[in-house]
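These are the residues of each chain, in order.
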Amino acid sequence: MAASSTVPPASLLRQAYLRQSTAFCPGCGHGIFMNAFLRAAAALPLDFDRTVFVSGIGCGAWVPSPHFLADTLHVTHGRAMAFAAGVQRARPDLNIVVISGDGDLATIGGNHLIHAARRQTPIKVFCLNNWLFGMTGGQVSATTPREARTATTPAGNPDPPFDLVRLVLGAGAPFAARWPVSLPRQLARGIEHALREPGFAFVEVLSICPTHFGRINEPLFPAGEAPQSIPWRMLEWLRRQCIEREKAAALSPEERAGKILIGEWRGEECWP
Ligand code: SF4
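Note that the structure is a prediction, hence the values are computed from the model and not measured.

Caption draft 1: Inspection of the side chain of threonine 143 at higher detail. Looking at where threonine 143 falls in the secondary structure, it is placed in the loop between strand 6 (139-140) and helix 6 (164-171). The class of threonine 143 is buried, set by a relative accessible area of 4%. A polar contact of 2.8 Å, which involves the side chain of threonine 143, links it to the side chain of asparagine 129. In contact with threonine 143, not counting residues within four places along its chain, are Asp102, Asn129, Trp131, Pro161, Phe162 and Leu164.

As structure tokens, this is what we get:
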């Protein structure tokens with residue numbers, strides 16, 4: 001992939017890379033990710049004619065298919081990594097990029113994810129973590145925070161969530177990163193870094209689902225003095241909670257409590 005170049009404005013990005021406008025709910029974080037991904041793709045540039053996008057089922061899976069002007073495989077629920085591994089074996093000359101959600105990649109398809117990390121299959125994986133199954137109605141997933149309410153845990157989730165970065169690093173991934181949609185510039189840079197990796201690369205994208213997660217967990221996202229929409233409050237919450245791992249290293253355990261570490265990790269590094 002060539003060196004970074006100037007990224008064209010959003011209208012040209014749409015013309016160059018998208019088939020249609022999005023059908024995401026108003027305020028959904030996935031649109032921010034899509035914009036950041038296209039900016040990273042344009043900066044590299046990522047040749048869409050030599051890239052296969054693979055996704056499973058869910059709102060995150062809609063990012064490449066039907067939107068991207070590229071070859072896309074939109075497969076059965078939880079099986080994006082398995083199909084992507086097959087494409088990679090058959091056509092190692094192509095860029096293989098998986099974009100799907102936490103329900104698809106880490107819950108139903110968690111087994112495929114950890115084994116792709118273990119094998120270091122050269123696939124770039126972007127997991128849009130919105131803390132539940134969004135498209136199917138807001139059910140609990142493997143990343144739903146403890147105590148959070150979902151359609152299937154109306155009294156609060158009793159179980160601890162996966163830390164996806166730790167999960168894939170523990171399985172053997174050589175590169176993993178976590179960025180929130182509340183920091184779109186850092187997110188675009190992080191996507192670009194992952195796409196430049198020669199081998200397996202995993203990015204957890206902290207996204208927001210105002211429709212299912214935000215509405216049912218509204219008290220978790222306190223409003224400011226002026227009236228603010230739920231998506232705005234969720235983005236503000238993410239912005240407050242996320243801290244870059246280098247800055248977190250200077251904090252005391254009390255100051256770090258409850259914070260979400262963001263940044264990039266190499267497989268050989270000890271966690272955190
Ligand atoms: S259900 Fe949630 S994740 Fe899906 S498009 Fe709507 S806001 Fe986004």
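Next comes the rest of the description.
Caption draft 2: Representation of the packing of aromatic side chains. Evaluation of the coordinates by the stated rule reveals 14 aromatic pairs. Consider the rings of phenylalanine 33 and phenylalanine 126, whose centres lie 6.1 Å apart with planes at 45°: the pair is tilted. Placement of the pair is phenylalanine 33 in helix 2 (residues 30-43) and phenylalanine 126 in strand 4 (residues 124-129), with a sequence separation of 93 residues. The pair formed by phenylalanine 33 and phenylalanine 126 is uniform in burial state, with each residue classed as buried. Feature note: the residues Tyr17, Phe33, Phe37, Phe48, Phe53, Phe68 and Phe126 constitute an aromatic cluster, connected by ring pairs.

Caption draft 3: Fine view of the packing of helix 2 against helix 7 (residues 184-196). Axis separation between helix 2 and helix 7 bottoms out at 8 Å; the angle between their running directions is 50°. It follows that helix 2 is oblique to helix 7 by the angle criterion. The crossing of helix 2 and helix 7 is right-handed. Of the residues in helix 7, those in contact with Ile32, Phe33, Ala36, Phe37, Arg39, Ala40 and Ala43 of helix 2 are Pro184, Leu187, Ala188, Ile191, Glu192 and Leu195. Grouping the constituent residues of the contact of helix 2 with helix 7 by class yields eleven nonpolar, no polar and two charged.

Caption draft 4: The nonpolar core, seen in detail. Phe33, Phe37, Phe48, Phe68, Ile99 and Phe126 are the most contacted members of the largest nonpolar core, which has 51 residues in total. Setting aside anything within four residues of it in sequence, one finds phenylalanine 33 in contact with Val63, Ile99, Phe126, Leu128, Val181, Leu187, Ile191 and Val205. Counting residues in each nonpolar core, the second largest holds 31 residues, with Leu105, Ala116, Cys127 and Ala176 among its members.

Caption draft 5: Structural view of the sheet that holds strand 9 (residues 242-244). What the eight strands build is an open sheet, ordered 2-1-3-4-8-7-10-9; its pairing is mixed. Each edge of the open sheet carries a strand with a single partner, namely strand 2 (71-74) and strand 9. Taken over all neighbouring pairs, the strand axes of this sheet differ in orientation by 20° on average, direction set aside. In this sheet, strand 10 (residues 260-266) lies alongside strand 9 in parallel orientation, the contact comprising three bridges. The partner of isoleucine 243 across the bridge, within strand 10, is leucine 261. Helix 9 (residues 230-241) contacts strand 7 (175-180), strand 8 (201-206), strand 9 and strand 10 of the sheet and is inclined by roughly 35° relative to strand 9.

Caption draft 6: How the structure looks around the side chain of arginine 178. Here arginine 178 lies in strand 7. In this structure the side chain of arginine 178 is engaged in a polar contact, spanning 2.6 Å, whose partner is the side chain of aspartate 163. Of note is the side chain of arginine 178, whose polar atom sits 2.8 Å from the side chain of glutamate 204.

Caption draft 7: The arrangement of the site of the ligand in detail. Taken together, Phe24, Cys25, Cys28, His30, Cys59, Asn130, Cys209, Pro210, Thr211 and His212 make up the full set of residues adjacent to the ligand. Top element by residues in the shell around the ligand is helix 8 (residues 210-216). It accounts for three residues.

Caption draft 8: Up close: the pairing of strand 3 (residues 95-101). Along strand 3, six of the seven residues are buried, which leaves the element largely enclosed by surrounding structure. Relative to strand 3, strand 1 (residues 51-55) is paired through four bridges, and the arrangement is parallel. By the bridge assignment, valine 52 is partnered in strand 3 with isoleucine 96. Pairing between strand 3 and strand 4: five bridges, direction parallel. From the neighbouring strand, glycine 101 faces strand 4, where its bridge partner is leucine 128.

So, how was this worked out
- Residues numbered from 1 in each chain as written.
- Predicted model: local features only at pLDDT ≥ 70, side-chain atom pairs only at ≥ 80, totals over all residues.
- Heavy atoms only, no water.
- Helix = DSSP H or I, 4+ residues; strand = E, 2+ residues; numbered from the N terminus.
- Buried < 20%, exposed > 50% of the residue type's maximum accessible area, 1.4 Å probe, protein only.
- Polar contact = N/O pair within 3.5 Å; in protein donor to acceptor, adjacent residues only side chain to side chain.
- Contact = heavy atoms within 4.5 Å.
- Phe/Tyr/Trp six-rings, centres within 6.5 Å; stacked < 30°, edge-to-face > 60°.
- Axes fitted to C-alpha atoms, helices over the stretch in contact; angles between N-to-C directions.
- Parallel < 35°, antiparallel > 145°, perpendicular 65-115°, else oblique.
- Left-handed = near helix turned anticlockwise from the far one by under 90°.
- Nonpolar A, V, L, I, M, F, W, Y, C, P; charged D, E, K, R; others polar.
- Core = buried A, V, L, I, M, F, W, Y, C linked by side-chain atoms within 4.5 Å.
- Pairing = 2+ DSSP bridges.
- Near = heavy atom within 4 Å.

Note that all results are geometric; they support no functional claim without further evidence.
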